[in-house]
Amino acid sequence: MRQAAKIFSLILGVLIISGYAFAEYGLNFPAPATDIGQEIYDVHMFTMIVSTILLLIIFTIIIYSLFKFRKSKGYEADQNFHKSWFGTWSWVMVPAMVLGVDFYIAGEAQGVLDKFWNAPKQNCAREGANKDHCFDMNVKTIGHQWWWEYEFPEQGVNFNGKFYPIKVESRALDKDQTSEELYLRDVDNQLVLPVDTTIRFLNTSVDVLHAWWVPELGFKRDSIPGYIMETWATIEKEGTYRGQCAELCGTWHAKMPIVVKAVSKADFEQWIEGEKAKLLAKLQEANSNKDWTKDELMTKGEQVYNTMCAGCHQVSGLGLGAAFPALKNSPVAMGPAAEHINMVLNGKNTMPAWKQLSDIDLAAVITYERNAWGNSASVVKPADIKAAR
Amino acid sequence: MSTTTMNATHSHDDHGPLKGWRRWLYSTNHKDIGTMYLIFALIMLFLGGASAMAIRAELMYPGLQLLDPDLYNNIVTNHALVMIFGAVMPAAAGLANWMIPLMIGAPDMALPRMNNLSFWILPAAALMLILSFVVPFFPGGGSQINTGWTLYPPLSLKVGMSMDFLIFTIHLLGVSSVLASINIIVTIFNMRAPGMTVWKMPMFVWAWLVTAFLLILIVPVLAGGVTMLLFDRHFGTSFFDAAGGGDPVLFQHLFWFFGHPEVYVLLLPSIGVLSQVIPAFSRKPLFGWNSMIGAMIFLASLGMVVWAHHQYTIGMSSAAVNYFMIGTILISIPVGLMKFNFIATMWRGSMTFETPMLFAISIVIMFVFGGLTGVMLAIVPADMQYHDSMFVVAHFHYVLLPGAVMALFAGVLYWLPKWTGNMYNEKLGKWFFWTSLIGFNGTFFVQHFLGLAGMPRRIVDYSIQFAEFNFISSISAFVYGLSHLIFLYLVITTIKGIGTTKAKPRSWEGAQGLEWEVESPAPFHTWEKAPKIDKEGHYVK
């Protein structure tokens, strides 16, 4: 037995030391940024501790019996153990004990569940709204293959948050690297949200299932085409929180990061004004009837291509595998413009439809595809897109 | 009259197995069919294992090294399907074929020709499954299956023709499982030796009886679900397409109505194996006989009504999630009872630690651990974090590898002397046990931390912060994968009788049951004359 105790304490010691050693690698949930996230964290810790205690008890009993009841020690089996009172009644006692633990855990969980499961339905600004359970603003998160679109319905702001390429040693990738730390965790446009504001998230998808997950906010909800999911959060701490898509959504499931930047209310107002100004400028540009030159289209097209298309067709235009054909020297990119426009506008098989982009963006990107990487074909003007729609 | 009888007996005794390939293709013998099931399962295990190695090799470092994302997703899908439908279920069916007639004193399965059919459907299904994997690599083969084994629409509606291969694979596998289940139920109900009442049947037979009923109840639901998928893909129905008024979530309900009980289909035969192995090496009867049967039936019934805990994040009503949460936590009652009975069987026993017993003990501990993370996952608020993270991957591998795969290894090693007539090399067995134990825990234990820290599952590439644990996981996975070569070597040497000793009819000191009353190796025909069973359930010579 002494030897067993020695081994046991050794194992325990190794576990504790390795626990410290791995502390920096993220062994548990990241620190929650919302009240509900904290409560979820507490429920998680509670069940984990209960589970660990149960596991240790069972482990100890098994280890003890392994050393005690072995034939090599001359222990004779008790052939009537299963007929003792313990054997007769254990089928009642064990379930009763397990049921007790179950209800204890379920009771703890239910409180939190009831608190956060139903998202607030009323806007706080509305007269007669339930002040304890109302929202201050809405944010729509819309899943696309493979990026997130965000909409602020009250403010009229809408933008895309796309994967932002960062180089990693094992894969030479693209320009504009910031740091390796953020590999696969950075986006071009962050979702900026105000703190101390109850935000209702309306979650949906336009193509396949996705799931919007930022661990710090404490919840995850699937984005399902045809459904609008409601969840909510009140962020309490300013900071940058990173997450990613959690439901398998096809090829680039791994490349749908989410970055939430929580700022003060004043900063948020300032940011939203900036976004509005950007949208306005874009609108003016689209309606200006400007005659775009090839160079202008190429510059703009490269920008659009690298954010929208490079994920599959690659910055080099060489494509990836059978599903994502190369655009360099491709029959579509070098062929008649009408076919090329049709492909981009309406999609085909894995290729999604890009109708939602503006005429200018489409014209630019198609022109770029037709003239980059040594391709040479006709220039496509915004008017051509308008005609094709 | 007497001459006719004598002639009939004579000719019956005389016809041995056919020679050559006919013996296997035309076989109606439960032992030969059982052997074929087991060999088939072993081949599929190595195929599924190879895909697991490919997955871990890709995930060893951040970045895309070996596989492009679609191929990765294709392999992830294939790994699950091959392991579940190709390795675990056929292996369990192989044990059932071999052991149930031996254990209940029947000369063969009740429906031998159907037995032949239900096996020979499997290679055809396996071929279809492999085709679904390779077809995209041929010109015009369409895109790869990138949906995972859950086949969730709308993603699965967008996949190329390989998805159709997969749907038909599932139909074939379903037919095979239902036929095998019917055969097992009929055999157990009608072929028991006189005196072998249902309450005296070995626990392995009980476990398979419950499993067979469960299979018949759930497989048609999956078949219906994938058929609807097929119709959506080709015939313009919109069962699962929101644009046509359908509901993508409906498929998830159909899938998990099958998928969750399927976990118990994989698990229960193994519970049956452990119920044979642990008493044998503890040298005392199974503790809690009736409660074990009760727990299995309770587990199967409860398991059929908690499926939606796989879909907490689809946003059900709060009443629904409350129900599914509590129902799921209650699963711990039958499972707890089973594990308690196993521990109580060891308690005050006279244990020896041959390889099957080593597996059994480690299974009890690891399965308890997997079960407890299951309770954590059942908690809806906390599942908002765990869902679709690597924590889930770690959980179900902790449940399914010890709970199903390793228990099948324990069963194979336990009965291998009976099948081959040779005792396997115990030293090799111990090597296999320890390397696979260390490899397994090293692979999956660290994945809990990855999941908690925020790494989603089914991603081909991950952020730098997850690098260390993934590296540990991959290295351990290679150890775990390679350890199975020891098993392969062990099985081959035992069959060939290289470096082994002859097995006695009762190959293990504490082994109980009718299967140990026949010679080792078991003759081609056994129990042609039904054995007699006394009131205590013991064999009367």
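Each residue is numbered by its place in its chain's sequence as written, counting from 1. Lettering of chains starts at A and numbering of ligands starts at 1, both following the order in which they are written. With the structure being a predicted model, the display of local features is reserved for residues of pLDDT at least 70 and the display and counting of side-chain atom pairs for 80 or more, all residues being used for whole-chain, interface and lining totals. Hydrogen atoms and water are omitted, and side-chain values are computed over all heavy atoms in the structure.

K.L.:
Describe the pattern of salt bridges, naming the residues involved and giving the relevant values.
P.N.:
Residue and element names in this part refer to chain B. In the sections that follow, a salt bridge refers to a side-chain nitrogen of Lys or Arg positioned within 4 Å of a carboxyl oxygen of Asp or Glu. In this structure the tally under the stated criterion is 16 salt bridges over all chains. Arg506 is the salt-bridge partner of Glu517, the closest N and O atoms lying 2.9 Å from each other. Of the two residues, Glu517 sits in the loop between β2 (501-502) and β3 (532-533) while Arg506 sits in the loop between β2 and β3, which places them 11 residues apart along the sequence. Overall, Glu517 belongs to the partly exposed group, its relative accessible area being 24%. Secondary structure elements follow DSSP: runs of H or I no shorter than four residues count as helices, runs of E no shorter than two count as strands, and numbering proceeds from the N terminus. Relative accessible area decides the class of each residue, using a 1.4 Å probe on protein chains only: under 20% of the type maximum gives buried, over 50% gives exposed, and in between gives partly exposed.

K.L.:
Outline empty space enclosed by the protein, supporting the account with residue identities and numerical values.
P.N.:
All names here are of chain B. We place a 1 Å grid over just the protein atoms. Points where a 1.4 Å probe fits but has no way out form a cavity, open points with protein on both sides within 12 Å along at least 5 of 7 lines form a pocket, and any residue with an atom within 4 Å of a point lines it. Grid points are joined across faces, edges and corners, and a volume is the space filled by probe spheres set on the points. Evaluated as defined, the whole model comprises 6 cavities of 30 Å³ or more. Its boundaries defined by the atoms lining it, the largest cavity holds a volume of some 180 Å³. As for the largest cavity, its lining consists of 20 residues, and the residues nearest its centre are Met89, Pro90, Ala93, Ser177 and Leu215. Basically, the charged four are Asp, Glu, Lys and Arg, the nonpolar ten are Ala, Val, Leu, Ile, Met, Phe, Trp, Tyr, Cys and Pro, and anything else, Gly included, counts as polar. By residue class, the composition of the lining of the largest cavity is 16 nonpolar, 4 polar and no charged.

K.L.:
Give me the lowdown on unusual backbone geometry, citing residues and values where you can.
P.N.:
The general pattern is negative phi for most residues beyond glycine and trans for most peptide bonds. In this structure, Trp146 of chain A follows Gln145 of chain A across a cis peptide bond, with omega equal to 5°. For Trp146 of chain A, the position within the fold is in the loop between β3 (137-144) and β4 (147-152). The residue after Ser520 of chain B, namely Pro521 of chain B, is reached through a cis peptide bond having omega -5°. Topologically, Pro521 of chain B is positioned in the loop between β2 and β3. The phi angle at Arg348 of chain B is positive, at roughly 60°, despite the residue not being glycine. For Arg348 of chain B, the position within the fold is in the loop between α12 (332-346) and α13 (355-378).

K.L.:
Please provide a residue-by-residue account of helix α15 (residues 390-420) of chain B, values included.
P.N.:
All names here are of chain B. Bend is the name given here to the angle between axes fitted to two runs of seven residues, the run ending at a residue and the run starting at it. A maximum bend of about 40° is found in α15 at Tyr414, where proline Pro417 lies one to four positions downstream. The buried fraction of α15 amounts to 29 of the 31 residues, a majority that puts the element mostly inside the structure. In the stretch just after α15, Gly421 is the one whose phi turns positive, near 85°.

K.L.:
Can you lay out the packing of aromatic side chains for me, pointing to particular residues and giving the numbers?
P.N.:
Here a ring pair, both rings aromatic, is described through the centre-centre distance and the interplanar angle of the planes. Two aromatic rings, drawn from Phe, Tyr or Trp (for Trp, its six-membered ring), form a pair once their centres lie within 6.5 Å of each other, and the interplanar angle then sorts them: stacked below 30 degrees, edge-to-face above 60, tilted otherwise. Counted by the stated rule, this structure contains 69 aromatic pairs over all chains. Plain terms: the ring middles of Phe152 of chain A and Phe268 of chain A are 5.8 Å apart, the flat faces sit at 45° to each other, and that makes the pair tilted. With Phe152 of chain A in strand β4 and Phe268 of chain A in helix α4 (residues 265-286), this pair connects stretches of sequence that are 116 residues apart. Assessed through its relative accessible area of 0%, Phe152 of chain A is described here as buried. Counting every residue linked through ring pairs, the aromatic cluster contains Phe85, Trp149, Phe239, Phe240, Phe251, Phe255, Trp256 and Phe258 of chain B. Think of it as a cone above the ring: NZ of Lys or CZ of Arg counts as a charge over the ring if it is within 6 Å of the ring centre and within 35 degrees of the ring normal. Taking NZ or CZ as reference, Arg221 of chain A lies 4.7 Å from the ring centre of Trp117 of chain A, over its face.

K.L.:
Break down the interface of chain B and chain A for me, citing the residues and quoting the values.
P.N.:
Taken together, the contacts link 97 residues of chain B with 93 residues of chain A. Accessible surface is computed with a 1.4 Å probe, and the buried area is the amount of it that two parts give up when combined, taken over both parts together. Buried area between chain B and chain A, summed over both chains or domains, comes out near 8,100 Å², and the portion from carbon and sulfur atoms is 69%. Of all residues in chain B, the largest losses of buried area upon contact with chain A belong to Trp347, Arg348 and Gln385 of chain B, amounting jointly to 9% of the total for that side. Where chain B packs against chain A, one counts 2 salt bridges. In protein, a polar contact means a hydrogen-donor-capable atom and an acceptor-capable atom, both N or O and within 3.5 Å, with residues adjacent in sequence counting only if both atoms are side-chain atoms; elsewhere, any N or O pair within 3.5 Å suffices. Linking chain B with chain A are 22 residue pairs in polar contact (both at pLDDT 80 or more). Of the residues in the side of chain B that touches chain A, the class split is 56 nonpolar, 27 polar and 14 charged. Contact criterion: two residues are considered in contact whenever any of their non-hydrogen atoms come within 4.5 Å of each other.

K.L.:
Pulling in residues and values, what's your account of the pairing of strand β12 (residues 257-263) of chain A?
P.N.:
Regular strands place side chains that alternate from one sheet face to the opposite one. All names here are of chain A. For β12, the tally of buried residues reaches 6 of 7 residues, placing the bulk of the element in the interior. Strand direction decides the pairing type here: strand β6 (residues 191-194) and β12, joined by 4 bridges, are parallel. Paired with Leu191 across the two strands is Val260, which belongs to β12. Across 6 bridges, the pairing between strand β11 (residues 239-245) and β12 is antiparallel. In the sheet register, Arg242 faces β12, and the bridge partner there is Val259. If DSSP finds at least two bridges between two strands, the strands pair.

K.L.:
Before we move on, can you summarise the side chain of Asn422 of chain B with the specific residues and values?
P.N.:
Residues and elements named next belong to chain B. Within the element layout of this structure, Asn422 appears in strand β1 (residues 422-423). A distance of 3.0 Å separates the side chain of Asn422 from the side chain of Lys502, its partner in a polar contact. When near neighbours in sequence (up to four residues on either side) are disregarded, Asn422 contacts Leu416, Pro417, Thr494, Ile495, Gly497, Thr500, Thr501, Lys502 and Ala503.

K.L.:
Kindly report on the nonpolar core, identifying the contributing residues and their values.
P.N.:
General note: in soluble globular proteins, nonpolar side chains tend to be found buried as a group. Core analysis: the biggest nonpolar cluster contains 265 residues, and Phe152 and Trp212 of chain A together with Trp208 and Trp415 of chain B have the highest contact counts within it. For this core, the element with the most residues is helix α4 (residues 69-104) of chain B, which contributes 24 residues. Domain delimitation in this document rests on an assignment produced automatically or drawn from a domain database. If you count residues domain by domain, this core takes at least three from each of domain 1 (2-116) and domain 2 (134-284) of chain A. If we ignore the near neighbours within four places in the chain, the residues touching Phe152 of chain A are Met137, Asn138, Val139, Val157, Phe159, Leu191, Val192, Leu193, Phe268, Trp271 and Ile272 of chain A. Among the nonpolar cores identified, the runner-up in size contains 26 residues, and Leu345, Ile360, Ala364 and Tyr368 of chain A belong to it. In this description, a nonpolar core means a group of buried Ala, Val, Leu, Ile, Met, Phe, Trp, Tyr and Cys residues linked to one another through side-chain atoms lying within 4.5 Å.

K.L.:
Tell me about a negative patch on the surface, residues and numbers included.
P.N.:
The patch calculation keeps residues exceeding 30% relative accessible area without a salt bridge and links them within 9 Å when they carry like charges or within 5 Å when they are nonpolar (Val, Leu, Ile, Met, Phe, Trp, Tyr). All accessibility values rest on the Shrake-Rupley procedure with a 1.4 Å probe; residue burial counts only the protein chains present in the view. His is not counted here, nor are the chain ends, while Lys and Arg score as positive and Asp and Glu score as negative. A single reference atom marks each charge: NZ on Lys, CZ on Arg, CG on Asp, CD on Glu. Negative charge collects at one region of the surface, where Asp35, Asp196, Glu236, Glu238 and Asp267 of chain A lie side by side. Along the polypeptide, Asp196 of chain A turns up in the loop between β6 and β7 (198-205).

K.L.:
Outline the domain arrangement of chain A, supporting the account with residue identities and numerical values.
P.N.:
Many descriptions give the size of an interface as the accessible area lost when the pieces come together. All names here are of chain A. In terms of domain boundaries, chain A breaks down into domain 1 (2-116), domain 2 (134-284) and domain 3 (289-388). Of the residues lining the interface, 11 residues belong to domain 1; the matching set on domain 2 comes to 11 residues. Of the roughly 870 Å² buried at the junction of domain 1 and domain 2 (both faces included), carbon and sulfur atoms supply 57%. Counting across the domain 1 and domain 2 interface gives 0 salt bridges. At the junction of domain 1 with domain 2, the criterion picks out 5 residue pairs in polar contact (both at pLDDT 80 or more). Those elements that place two or more of their residues in the side of domain 1 that touches domain 2 are α2 (35-68) and α3 (85-116). Counting residues per element, the side of domain 1 that touches domain 2 draws most heavily on α2, which supplies 4 residues. Of the residues contributing to the side of domain 1 that touches domain 2, the split by class is 7 nonpolar, 2 polar and 2 charged.

K.L.:
Tell me about the state of the cysteines, and name the residues and values.
P.N.:
Residues and elements named next belong to chain A. We call a pair of cysteine sulfur atoms a disulfide when they lie within 2.5 Å. The final tally for this structure, using the stated rule, is 1 disulfide over all chains. There is a disulfide in this structure between Cys124 and Cys134, and the S-S distance comes to 1.9 Å. Measuring the twist about the S-S bond at about 95°, one finds the Cys124-Cys134 disulfide to be right-handed. On the criterion of sequence distance, the pair formed by Cys124 in the loop between β1 (122-123) and β2 (134-135) and Cys134 in strand β2 is long-range, its members being 10 residues apart. For the pair Cys124 and Cys134, a shared accessibility class is recorded, and that class is buried. This cysteine, Cys245, is not joined by any disulfide, and Cys249 carries the nearest cysteine sulfur, 3.9 Å off.

K.L.:
Describe in detail the sheet that holds β4 of chain A, supporting the description with residues and values.
P.N.:
Residue and element names in this part refer to chain A. Read from one edge of the open sheet, 5 strands run β5-β4-β3-β7-β10, paired in mixed fashion. Strand pairing shows two members of the sheet lacking a second neighbour, β5 (157-161) and β10 (229-234), which therefore form its edges. Between one strand axis and the next, the sheet turns by 25° as a mean value, whatever way the strands run. Two strands pair when backbone bridges link them, and β4 and β5 are joined in this way by 5 bridges, in the antiparallel orientation. Interaxial angles span 0 to 180 degrees and are taken between N-to-C directions of axes, which are lines fitted to C-alpha atoms, for helices over the stretch in contact.

K.L.:
Run through the confidence of the model for chain B, naming residues and quoting values.
P.N.:
A residue's pLDDT is simply how confident the predictor is in it, with values from 0 to 100. Predicted confidence across chain B gives a mean pLDDT of 92, with 97% of residues reaching 70 or more. With pLDDT under 50 throughout, residues 1-11 of chain B is counted as low confidence; its partners more than four residues away or in other chains account for 0 contacts.

K.L.:
Which residues make up the packing of α13 of chain B against helix α16 (residues 426-453) of chain B, and what values go with them?
P.N.:
Residues and elements named next belong to chain B. Two elements in contact, α13 and α16, have axes whose closest approach is 10 Å; the angle formed by their N-to-C orientations is 10°. As judged from the angle between their axes, α13 and α16 are roughly parallel. Across the interface between the two elements, Thr355, Leu358, Phe359, Ser362, Met366, Phe369 and Thr373 from α13 touch Glu426, Gly429, Lys430, Phe432, Phe433, Trp434, Ser436, Leu437, Phe440, Asn441, Phe445 and His448 from α16. Roughly parallel means an angle under 35 degrees; roughly antiparallel, over 145; roughly perpendicular, 65 to 115; everything else is oblique.

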